[in-house]
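Here are the chains, one letter per residue:
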Amino acid sequence: MDRLDRFALPDHEPPYVAECEWCRGEIRAGDEVKRIDDGGGYVHNGFGYDCAEKYAEERVYDASGVIDEHRNVN
């Protein structure tokens with residue numbers, strides 16, 4: 001007879017459902033993500049991941065620095 005151990009880990013991982021558009025890592029069912037509105041892809045958004053922030057920063061901003069009177073960012 002098998003004993004049930006309430007602390008035992010499940011013997012299988014949740015199914016792979018997508019690939020992160022930033023780090024190209026696996027996204028599995030149950031992971032916290034953000035869906036990308038223009039491409040339909042996904043990025044990790046859970047604890048320990050900064051994929052969503054890095055992906056958005058690269059896609060939204062094209063320069064970072066100090067602006068001058070001619071609107072150039074240096």
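Participant: Outline the overall build of the chain, supporting the account with residue identities and numerical values.
Facilitator: When you go through the chain residue by residue, the secondary structure sums to one helix and four strands. Each helix (α) and strand (β) of the chain, taken in turn from the N terminus, gives the series β-β-β-β-α. Taken over 74 residues, the chain has a buried fraction of 15%. At a minimum sequence separation of 6, the contacts of the chain that also span at least 24 residues come to 12%.

Participant: Give me the lowdown on the pattern of salt bridges, citing residues and values where you can.
Facilitator: Following the criterion strictly, the structure yields six salt bridges and no others. One salt bridge in this structure joins Glu21 and Arg24, with 3.4 Å as the shortest N-O distance. With a closest N to O distance of 2.8 Å, Glu26 and Arg28 form a salt bridge. Owing to a relative accessible area of 46%, Glu26 belongs among the partly exposed residues under this scheme. One salt-bridge network, held together by shared partners, links Glu13, Glu26 and Arg28.

Participant: Describe in detail the nonpolar core, supporting the description with residues and values.
Facilitator: Ala18, Cys20, Ile27, Ile36, Val43, Cys51, Ala52 and Tyr55 form the largest nonpolar core, which has eight residues in total. If you tally residues by element for this core, the top one is helix α1 (residues 51–60), at three residues. Beyond its immediate chain neighbours, meaning those up to four positions away, Ile27 contacts Pro15, Tyr16, Val17, Ala18, Glu19, Cys20, Val33, Tyr42, Val43 and His44.

Participant: Lay out α1 with the relevant residues and their values.
Facilitator: The set of residues buried in α1 consists of Cys51, Ala52 and Tyr55. The buried residues of α1 all sit within an arc of 95 degrees when viewed along its axis, so they share a single face. Set apart from the buried face of α1 by more than 90 degrees, the exposed residues are Glu53 and Val60.

Participant: Describe the pairing of strand β1 (residues 16–19), naming the residues involved and giving the relevant values.
Facilitator: Bridge analysis of β1 against strand β2 (residues 26–28) gives three bridges, and the strand direction is antiparallel. Of the residues in β2, the one forming a bridge with Glu19 is Glu26.

Participant: Account for the environment of Ile36, naming residues and giving values.
Facilitator: Residue position: Ile36 is located in the loop between β3 (33–35) and β4 (42–44). Overall, Ile36 belongs to the buried group, its relative accessible area being 9%. Leaving out residues up to four positions away in the same chain, Ile36 has contacts with Glu21, Gly41, Tyr42, Val43 and Tyr55.

Calculation notes
Residues numbered from 1 in each chain as written. Predicted model: local features only at pLDDT ≥ 70, side-chain atom pairs only at ≥ 80, totals over all residues. Heavy atoms only, no water. Helix = DSSP H or I, 4+ residues; strand = E, 2+ residues; numbered from the N terminus. Buried < 20%, exposed > 50% of the residue type's maximum accessible area, 1.4 Å probe, protein only. Contact = heavy atoms within 4.5 Å. Salt bridge = Lys/Arg side-chain N within 4 Å of Asp/Glu carboxyl O. Core = buried A, V, L, I, M, F, W, Y, C linked by side-chain atoms within 4.5 Å. Arc of directions from axis to C-beta. Pairing = 2+ DSSP bridges.

These values are about where atoms sit, not about what they do.
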